[in-house]
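# Coordinate analysis (summary)
Take a look at the letters that make up each chain.
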Amino acid sequence: MTAMTERTYLRTVPADPLPPPEQRAGRIGWLRENLFSSPGNIALTLICILFIAWALPPLLRFFVFDAVWSGSDRQACLSSPQLPEPGACWAFVRVWFSYFVYGFYPIAQHWRVDVFFLALACGIGWLAWLSAPRRGIGAVYFFIVLPVLSYVFLRGAPTLGLAEVPTALWGGILVTIVVATVGIVVSLPLGILLALARRSDIPVVRLFAVTFIEFVRGVPLITVLFMASVMLPLFVPERLSPDKLVRALIGVALFASAYMAEVVRGGLAAVPRGQYEAAQALGLPHWRMMALIVLPQALRVTLPNIVNTFIGLFKDTTLVFIVGIFDFLRTIEAARADPHWATPVTSATGYAFAALFYFICCYGMSRYARRVETRLARAHRR
Amino acid sequence: MGPAMENRPDASQADTSAEPAVEIVGLHKWYGDFHVLRDINLTVARGERIVICGPSGGGKSTLLRCINRLENWQRGRVVVDGIELTDDPKHIVAVRRDVGMVFQHFNLFPHLTVLENCTLAPIWVRHMPKKDAEALAMRYLTRVKIPEQAQKYPARLSGGQQQRVAIARALCMSPNIMLFDEPTSALDPEMVKEVLDTMVELANDGITMLVVSHEMGFAREVADRVIFMADGQIVEVNEPKTFFAQPRHERTKLFLQQVLR
């Protein structure tokens, strides 16, 4: 009874801040909280552990412990008394590695491809490192200088002393990277322009943008590629017709632009009306307003979707094989048919290698996007 | 205001002493079938401070937004600083450079710092060197008493601080006319005063002000004229003393009873 009377509704003494209740400490606490908090949770945890225990050891055995790392032909990867059940035949990948990277690019000229990779890596690094100096120049380098110079450099210019290498000889990772980079580099600006055109006040511009976007989105990429490689020569005189790779590049770039336009449009719709009004009230002309106020916010909002589109595009580049271009996956297809390496595990190894390559590239992009997102989110709360 | 006016998109060259700051003649506006503004006639002299009040949906904000052409209209004329607002984008931009606006929801640019918010228009519209623009911005930020927040992003500021940044941002364009569209209605009560104080100071500097607001204390203190709008019409215009003491129209009386309680 006395305790009841002492409890009053009005405080007479100020309430001092108290430290928060102690967390359940350490790793055991974390495990309890996250993995074993309820019967359902415990069951799920056990199922997952069982699944991993079932799936992981054979995979490790095949790809690592029983894998063959060196050798000069199929003998190394066939079953032998020492290795009755050989795993992945990495020796095959090692031997064919240069083909996977360069395709039929002449061996004496491989250094040119290496220089291209290096220049590309520099450009990506410059843009990807958010606090790098002079990122404006970096953008000009990446979006304008690099593509033009790379084409001249890889294609060759006899006047500059660089032997000509027809694009029919390009292949492997080189082609995959070229197609993906061109797709990304073209689709972002073109997609932004298309998205703006779709919201334009001028009906003709809007009609053009809508027609283009809806047509391209309504057609499979393979069809676009076929059209680019088969139909284009019907309309353009033979000597003006660009070569096979360039035609495919145009197809991929236009295809990606249509998708990018829709992604950017989503971002534009997320910018509140008040932002336009504030910019207009300050007297900013239309294009300035778009460039300084609307697009930076729209692109920020939609960054995850943009990267998602990039990842999709990167994987879609494998479809260029359909018009006879030797991209990375196609070189693996070609190599695995090599009778010198005909073993039961060759194909699996080749495809695993391809999967690893695509996974590293796409996962890298997605991780990078996550980092930029968190960084931008933090910056705005500074 | 003959056709001669139309050849003067730059207000700084106009003879600014004689003509009114804003002249609105026979203005009509429809949203679809809804007649929002009905035959508005209003002349605002230079340096005049006007408070527009009235029930919501009465067309106050719409009228204000016609003055810098954020809203289009179907009939009537609006002449600001001697420039007639037509479809000509040159005229529109010229008017907007001369007219500052402060919004209910501040509308600061969230991806730019406070300082960048203020320097944006001077740099890109007035083509001022960055250094000068920053000095100018700091001067106005000091005037609204938040120079120490210059490097922060707007999201880190309180509502009252954000609105003061918005005022500084508008002032950086050295406008002749300031429009305030319910500048305090989105603020928490304890922040209303700091924004009103800033506005009173501004009013004392003699800038032409049109304020849509329900802050009757502010109207009483600084307004030269109070306008009461309802149903898209200007129902009553008077100097504040008479306006509050002897409202003539029933609607005005009713409205004042509700807000002054």
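Just so it is clear, the structure is predicted and the values come from calculations on it, not from any experiment. (Residues numbered from 1 in each chain as written. Chains lettered and ligands numbered in written order. Predicted model: local features only at pLDDT ≥ 70, side-chain atom pairs only at ≥ 80, totals over all residues. Heavy atoms only, no water.)

## Details of the side chain of Asn68 of chain B
Looking at where Asn68 of chain B falls in the secondary structure, it is placed in the loop between helix 1 (60-67) and strand 4 (75-80). The exposure class assigned to Asn68 of chain B is buried, which follows from its relative accessible area of 0%. Those residues in contact with Asn68 of chain B, other than ones at most four positions away along the chain, are Ala281 of chain A together with Val95, Arg96, Val99, Met101 and Leu179 of chain B. (Helix = DSSP H or I, 4+ residues; strand = E, 2+ residues; numbered from the N terminus. Buried < 20%, exposed > 50% of the residue type's maximum accessible area, 1.4 Å probe, protein only. Contact = heavy atoms within 4.5 Å.)

## Quick word on the packing of aromatic side chains
Residue and element names in this part refer to chain A. Under the counting rule described, the total for this entry stands at 27 aromatic pairs over all chains. Plain terms: the ring middles of Phe51 and Trp54 are 6.0 Å apart, the flat faces sit at 45 degrees to each other, and that makes the pair tilted. Linking Phe51 with Trp54, this pair stays in helix 3 (residues 39-65), spanning three residues, or about one helical turn. Take Phe51: its relative accessible area is 51%, and that puts it in the exposed class. Looking at Trp54, the relative accessible area reads 64%, which means it is exposed. Seen in terms of ring centroids, Phe142 and Phe143 are 5.4 Å apart; in terms of plane orientation they differ by 90 degrees. Their pairing is edge-to-face. (Phe/Tyr/Trp six-rings, centres within 6.5 Å; stacked < 30°, edge-to-face > 60°.)

## With respect to the sheet that holds strand 2 (residues 34-44) of chain B
All names here are of chain B. Overall, antiparallel pairing links the four strands, which are arranged 2-1-4-5 in an open sheet. Strand pairing shows two members of the sheet lacking a second neighbour, strand 2 and strand 5 (83-84), which therefore form its edges. Sheet topology note: the strand 1 (residues 22-31)/strand 4 ladder contains five bridges and is antiparallel. When the bridges of strand 4 are listed, Glu23 appears paired with Val79. Those strands touched by helix 1 are strand 1, strand 2 and strand 4, and its axis lies near 125 degrees from that of strand 1. (Pairing = 2+ DSSP bridges. Axes fitted to C-alpha atoms, helices over the stretch in contact; angles between N-to-C directions.)

## Observations concerning the interface of chain A and chain B
The interface of chain A with chain B comprises 20 residues on the first partner and 25 residues on the second. Between chain A and chain B, roughly 2,100 Å² of surface is buried when both sides are summed, and carbon and sulfur atoms account for 64% of that area. Counting every contact that joins chain A to chain B gives one salt bridge. Between Glu277 of chain A and Arg65 of chain B there is a salt bridge, with the nearest N and O atoms lying 2.6 Å from each other. One can count five residue pairs in polar contact (both at pLDDT 80 or more) joining chain A with chain B. (Buried area = accessible area lost by both parts, 1.4 Å probe. Salt bridge = Lys/Arg side-chain N within 4 Å of Asp/Glu carboxyl O. Polar contact = N/O pair within 3.5 Å; in protein donor to acceptor, adjacent residues only side chain to side chain.)

## Observations concerning the pairing of strand 9 (residues 225-230) of chain B
Residues and elements named next belong to chain B. Taking burial as the measure, the six residues of strand 9 include five buried ones, the bulk of the element. By the bridge criterion, five bridges tie strand 9 to strand 10 (residues 233-238) in an arrangement that is antiparallel. Following the sheet pairing, Ala230 is matched in strand 10 by Gln233. Here strand 9 hands over to strand 10 after two residues, with Asp231 in that stretch at a positive phi of 50 degrees.

## What to know about the layout of surface pockets
All names here are of chain A. By volume, the largest pocket amounts to about 1,900 Å³. Lining the largest pocket are 45 residues; nearest its centre among them are Leu127, Ala128, Arg135, Leu188 and Tyr368. Looking at the lining of the largest pocket, the elements that each hand over two or more residues are helix 5 (110-128), helix 6 (135-155), helix 7 (172-198), helix 12 (286-301), helix 13 (303-316) and helix 15 (346-379). A total of ten residues in the lining of the largest pocket trace back to one element, the largest contributor, which is helix 7. Its residues assigned to classes, the lining of the largest pocket comprises 37 nonpolar, four polar and four charged. In terms of domain composition, the lining of the largest pocket takes at least three residues from each of domain 1 (105-165) and domain 2 (174-381). (1 Å grid on protein atoms, 1.4 Å probe; cavity = no way out; pocket = protein on both sides within 12 Å on 5 of 7 lines; lining within 4 Å. Points joined across faces, edges and corners; volume = space filled by probe spheres on them. Nonpolar A, V, L, I, M, F, W, Y, C, P; charged D, E, K, R; others polar. Domains from an automatic or database assignment.)

## Quick word on the state of the cysteines
All names here are of chain A. One pass over the structure, following the stated rule, counts one disulfide over all chains. Of all cysteine sulfurs in the structure, the one in Cys362 sits closest to Cys361, which takes part in no disulfide; the separation is 6.5 Å. Residue class for Cys361 comes out partly exposed when judged on its relative accessible area of 23%. (Disulfide = S-S within 2.5 Å.)

## What to know about empty space enclosed by the protein
Per the stated rule, a full pass over the model turns up two cavities of 30 Å³ or more. The set of elements that each furnish at least two residues to the lining of the largest cavity consists of helix 11 (273-281) of chain A together with helix 5 (159-171) of chain B. With three residues, the top contributor of residues to the lining of the largest cavity is helix 5 of chain B. Roughly 40 Å³ of volume is contained in the second largest cavity. Along the walls of the second largest cavity sit Arg143, Val144, Ile167, Leu171, Thr198, Glu201 and Leu202 of chain B, which together make up its complete lining. The dominant element in the lining of the second largest cavity, judged by the number of residues it contributes, is helix 6 (residues 189-204) of chain B, at three residues. For the lining of the second largest cavity, the class distribution of residues is four nonpolar, one polar and two charged.

## Describing the nonpolar core
Core analysis: the largest hydrophobic core is formed by 129 residues, its most contacted members being Phe100, Trp170 and Phe328 of chain A together with Ile24, Leu27, Ile52 and Leu210 of chain B. Not counting the four nearest positions on each side in its chain, Ile24 of chain B is found in contact with Ile40, Asn41, Leu42, Leu63, Ile67, Arg77 and Val78 of chain B. Core analysis: the second largest hydrophobic core is formed by 49 residues, Val51, Ile146, Ile167 and Val226 of chain B among them. (Core = buried A, V, L, I, M, F, W, Y, C linked by side-chain atoms within 4.5 Å.)

## Things to note about helix 6 of chain B
Side chains three or four residues apart in an α-helix point the same way, a direct result of the helix having 3.6 residues per turn. Spanning 16 residues, helix 6 of chain B covers 24 Å between terminal C-alpha atoms, matching the ideal 22 Å at 1.5 Å per step. Looking at the packing, one finds that the buried side of helix 6 of chain B touches strand 3 (49-53), helix 4 (130-143), helix 5, strand 7 (177-181), strand 8 (208-212) and helix 7 (216-222) of chain B. (Expected span 1.5 Å × (residues − 1).)

## Structural notes on the pairing of strand 6 (residues 99-102) of chain B
All names here are of chain B. Burial along strand 6 is two-sided: the face carrying Val99 and Met101 and the face carrying Gly100 and Val102 are both buried. Both strand 6 and strand 7 contribute to a ladder of four bridges, which runs parallel. Bridge pairing links Val102 to Phe180 in strand 7.

## Regarding the packing of helix 9 (residues 221-235) of chain A against helix 10 (residues 244-269) of chain A
Working note: a packed helix pair is described by the angle between its axes plus the distance between those axes. All names here are of chain A. Put simply, helix 9 and helix 10 touch, their axes get as near as 9 Å, and they point 140 degrees apart. Considering the angle they form, helix 9 stands oblique to helix 10. The handedness of the crossing between helix 9 and helix 10 is right-handed. Residues Leu221, Val224, Leu225, Ala228, Ser229, Leu232 and Pro233 of helix 9 form the contact with helix 10, whose participating residues are Arg247, Ala248, Gly251, Val252 and Phe255. Grouping the constituent residues of the contact of helix 9 with helix 10 by class yields nine nonpolar, two polar and one charged. (Parallel < 35°, antiparallel > 145°, perpendicular 65-115°, else oblique. Left-handed = near helix turned anticlockwise from the far one by under 90°.)

## Details of the sheet that holds strand 8 of chain B
Residue and element names in this part refer to chain B. The strand order 6-7-8-3-9-10 describes an open sheet built from six strands, whose pairing is mixed. Edge strands, defined here as strands with exactly one partner in the open sheet, are strand 6 and strand 10. Neighbour-to-neighbour, the strand axes of the sheet open up by a mean angle of 20 degrees, direction not taken into account. Lying over the sheet, helix 6 contacts strand 3, strand 7 and strand 8, oriented at roughly 150 degrees with respect to strand 8.

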